[in-house]
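# Analysis of the macromolecular model
Read off the chains here:
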Amino acid sequence: MLLEGKVAIVTGASRGIGRATAVELARHGASVVLNQFAVADGGSAAGEEAYAEVRAVGGEAVLVDGDVADPATGERLVEAAVAHFGRLDIHVSNAGICPFHAFLDMPVELLRKVVDVNLEGAYFTTQAAARQMVKQSEGGAIVAISSISALVGGGMQTHYTPTKAGVHSLMQSVAIALGPHGIRCNSVMPGAILTDINRDDLTPDKLEHFSQRIPLGRIGEPVDVARCVVFLASGLAGYVTGASLLVDGGMFVNLQ
């Protein structure tokens, strides 16, 4: 119960890392505002399943629909946290998209959409959360889900990797801006994690390749990332800010 009595927002909470993070936060005592974008999910079923999982571990939750690319969504998430739970202590900026596409014929609209969701979405929701935390004058924790792709390239991810590097850089800068308010800001960099965002791309051959390259010998699961988010959001990381935590089973350092 590392987060007992805390209130958290998780963007992109209907699936994958976001859902696992929401459940783990609740498992450790936090009440959670779950954000989903029902249009992108093809309806609200995924969000309702995430809500049910949070409730199943004893957590309190509220489900809020909204596209993080819209700056107003961050404000609505904060309003929901305050209205339902009275405060905000933790913000997890997780929502992201990665529609694989070649570089030379990258559609302008696709590039802008990925930037809008991944980078601007992180910016605006973090800003809204930080304003509430500053207003409360009791500190807080912000954790953004970056990626190992912030450190390495991807031929089909030229629109995606810069946004994840930007998310990491954003956390470094807001750590400085918000440090005087007692708000810690860190990023998590997942490696190869089996989620909806990459399930179609991770063919059996690729899964075998990653499993052989990863020193721990297996592909990552969303809960592997979620537990690290809990650590960074908790008092155990009370002197950690502006940092990044690579969660990749050792894949990045296995160069030989």
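### Some details on the overall build of the protein
A tally of regular secondary structure across the protein gives eight helices and seven strands. A compact globule built from 256 residues would reach a C-alpha radius of gyration of about 18 Å, and the protein, at 17 Å, matches this within 12%. With respect to the three principal axes, the spread of C-alpha positions in the protein is 50 × 35 × 35 Å. When burial is assessed residue by residue, the protein has 50% of its 256 residues classed as buried. Counting only contacts in the protein whose residues sit at least 6 apart along the sequence, the fraction spanning at least 24 positions is 75%. For the protein, the exposed area adds up to about 11,600 Å²; of that, 56% sits on carbon and sulfur atoms. Each charge class in the protein was averaged separately, 18 positive and 26 negative side chains, and the resulting centres sit 5 Å apart.

### Things to note about the packing of aromatic side chains
One pass over the structure, following the stated rule, counts one aromatic pair. For the pair Y123 and F124, a centre-to-centre distance of 5.7 Å together with 80° between the ring planes defines the contact as edge-to-face.

### So, the sheet that holds strand β2 (residues 31-36)
The seven strands are arranged β3-β2-β1-β4-β5-β6-β7 in an open sheet whose pairing can be described as parallel. The open sheet is flanked by β3 (61-65) and β7 (244-247), the only strands paired with a single partner. For this sheet, the mean angle separating the axes of adjacent strands, direction not counted, is 15°. Helix α3 (residues 45-56) contacts β2 and β3 of the sheet and is inclined by roughly 165° relative to β3. Helix-sheet contacts for helix α4 (residues 71-85) involve β1 (7-10), β2 and β3, and the interaxial angle to β2 is about 150°.

### Observations regarding the nonpolar core
For soluble globular proteins, nonpolar side chains are generally found buried alongside one another. Ranked by size, the top nonpolar core spans 27 residues in total, and within it L25, V188 and V225 carry the most contacts. Looking at this core, the elements that each hand over two or more residues are β1, α1 (16-27), β2, β4 (90-93), β5 (140-145) and α8 (222-233). When near neighbours in sequence (up to four residues on either side) are disregarded, V188 contacts V143, A144, I145, S146, S147, V225, V229, L232, L245 and V247. Counting residues in hydrophobic clusters, the runner-up holds 25 residues, among them I9, A80, M133 and V174.

### Brief notes about α1
Compared with the 16 Å implied by 1.5 Å per residue over 12 residues, the 17 Å span of α1 between its first and last C-alpha is a close match. Those residues of α1 not exposed but buried are I17, G18, R19, A20, T21, A22, V23, E24, L25 and A26. One or two steps after α1, the chain reaches G29, where phi turns positive at roughly 105°.

### Some details on a nonpolar patch on the surface
Taken together, L151, V152, F252 and V253 make up a surface patch of nonpolar side chains, about 330 Å² in accessible area. With respect to the helices and strands, the residue F252 is situated in the segment after β7.

### Focus: the environment of L232
Note that L232 resides in helix α8. The class of L232 is buried, set by a relative accessible area of 3%. In this structure the C-alpha to C-alpha distance between L232 and I17, which are 215 residues apart in sequence, comes to 15 Å.

Procedures and definitions
Residues numbered from 1 in each chain as written. Predicted model: local features only at pLDDT ≥ 70, side-chain atom pairs only at ≥ 80, totals over all residues. Heavy atoms only, no water. Helix = DSSP H or I, 4+ residues; strand = E, 2+ residues; numbered from the N terminus. Rg over C-alpha atoms; globule rule 2.2 N^0.38 Å. Buried < 20%, exposed > 50% of the residue type's maximum accessible area, 1.4 Å probe, protein only. Contact = heavy atoms within 4.5 Å. Areas by Shrake-Rupley, 256 points an atom, 1.4 Å probe, with all protein chains shown as cover. Lys, Arg positive; Asp, Glu negative; His and termini not counted. Charge placed at Lys NZ, Arg CZ, Asp CG, Glu CD. Phe/Tyr/Trp six-rings, centres within 6.5 Å; stacked < 30°, edge-to-face > 60°. Pairing = 2+ DSSP bridges. Axes fitted to C-alpha atoms, helices over the stretch in contact; angles between N-to-C directions. Core = buried A, V, L, I, M, F, W, Y, C linked by side-chain atoms within 4.5 Å. Expected span 1.5 Å × (residues − 1). Patch = residues over 30% accessible without salt bridge, like charges linked within 9 Å, V, L, I, M, F, W, Y side chains within 5 Å. Salt bridge = Lys/Arg side-chain N within 4 Å of Asp/Glu carboxyl O.

The analysis is restricted to geometry; functional conclusions fall outside its scope.
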